[in-house]
Amino acid sequence: MSIQKELEDLIKDEVLIEIEDYIDELFEIIAAKKEDDNIKEELKQMQEMKKDFEDMLVDLVHGDIDDEECKEIIQEINDMRKEDDEDEE
């Protein structure tokens, strides 16, 4: 499997799903009228992050991301997810 395909699968099958789930949770908090400005700001940031990853998928499809950049992005994603796991503990 190419590194581009690995990154594409990681984004499609894991990252975007996790982001969408978290966005859904934020909308539920807002719908329950328990939100504050921090929740609204977090929602905005997550929506922007989702858009960034969707744009990255487009770049992958067009071959605009080379192997080295793919490796760096995968490492950043793994680091980000590791930090989130540590924050939950």
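Just so it is clear, the model here is predicted, and its values are computed rather than measured.

Undergrad: For this particular structure, what's the right way to read the overall build of the chain?
TA: In terms of regular secondary structure, the chain is built from three helices and zero strands. When its helices and strands are written in sequence order, the chain yields α-α-α. When the backbone C-alpha atoms are referred to their principal axes, the chain occupies close to 45 × 30 × 20 Å. Considering the chain as a whole, with its 89 residues, one finds that 26% of them fall into the buried category. As displayed, the chain has an accessible area near 6,400 Å², and 44% of this comes from carbon and sulfur atoms. Between the averaged position of the 11 positive side-chain charges in the chain and that of its 36 negative side-chain charges there is a distance of 5 Å.

Undergrad: How should I be thinking about helix 2 (residues 37–61) in this particular structure?
TA: Each α-helix turn comprises 3.6 residues. Residues three or four places apart therefore point the same way. With 25 residues, helix 2 extends 37 Å between its outermost C-alpha atoms, agreeing within 8% with the 36 Å of an ideal straight helix rising 1.5 Å per residue. The set of residues buried in helix 2 consists of I39, L43, M46, F53, M56, L57 and L60. At the exit of helix 2 stands G63, carrying a positive phi of roughly 75°.

Undergrad: Sorry, what's going on with the side chain of E8 here?
TA: Relative to the helices and strands, E8 is located in helix 1 (residues 3–31). A distance of 2.7 Å separates the side chain of E8 from the side chain of K12, its partner in a polar contact.

Undergrad: What is the right way to read the side chain of D9 from this model?
TA: The residue D9 is located in helix 1 in this model. Residue D9 is classed as buried on the basis of its relative accessible area, which comes to 19%. If near-sequence neighbours (up to four positions away) are discounted, D9 is found in contact with M1 and E14.

Definitions and cut-offs
- Each residue is numbered by its place in its chain's sequence as written, counting from 1.
- In view of the model being predicted, local features appear only for residues whose pLDDT reaches at least 70, and side-chain atom pairs are presented and counted only at 80 or more, with totals across whole chains, interfaces and linings using the full set of residues.
- Heavy atoms from the whole structure form the basis of all side-chain values; hydrogens and water molecules are not counted.
- Numbering of helices and strands runs from the N terminus, with a helix taken as a DSSP run of H or I at least four residues long and a strand as a DSSP run of E at least two residues long.
- Exposure is judged per residue with a 1.4 Å probe applied to protein chains only, and the accessible area is read against the type maximum: over 50% gives exposed, under 20% gives buried, and values in between give partly exposed.
- The Shrake-Rupley method, run with a 1.4 Å probe, gives the accessible areas here. Residue values count only the displayed protein chains as cover.
- By the counting rule applied here, Lys and Arg register as positive and Asp and Glu as negative, while His and the ends of each chain are not counted.
- Taken as the charge centre is NZ of Lys, CZ of Arg, CG of Asp or CD of Glu, depending on the residue.
- Given a helix with a known number of residues, its expected span is that number minus one, times 1.5 Å.
- Any pair of N or O atoms that falls within 3.5 Å is considered a polar contact. Within protein, one atom must be able to donate a hydrogen and the other to accept it, and sequence-neighbouring residues count only if both atoms are side-chain atoms.
- Note on definitions: a residue-residue contact is assigned when non-hydrogen atoms from the two residues lie within 4.5 Å.

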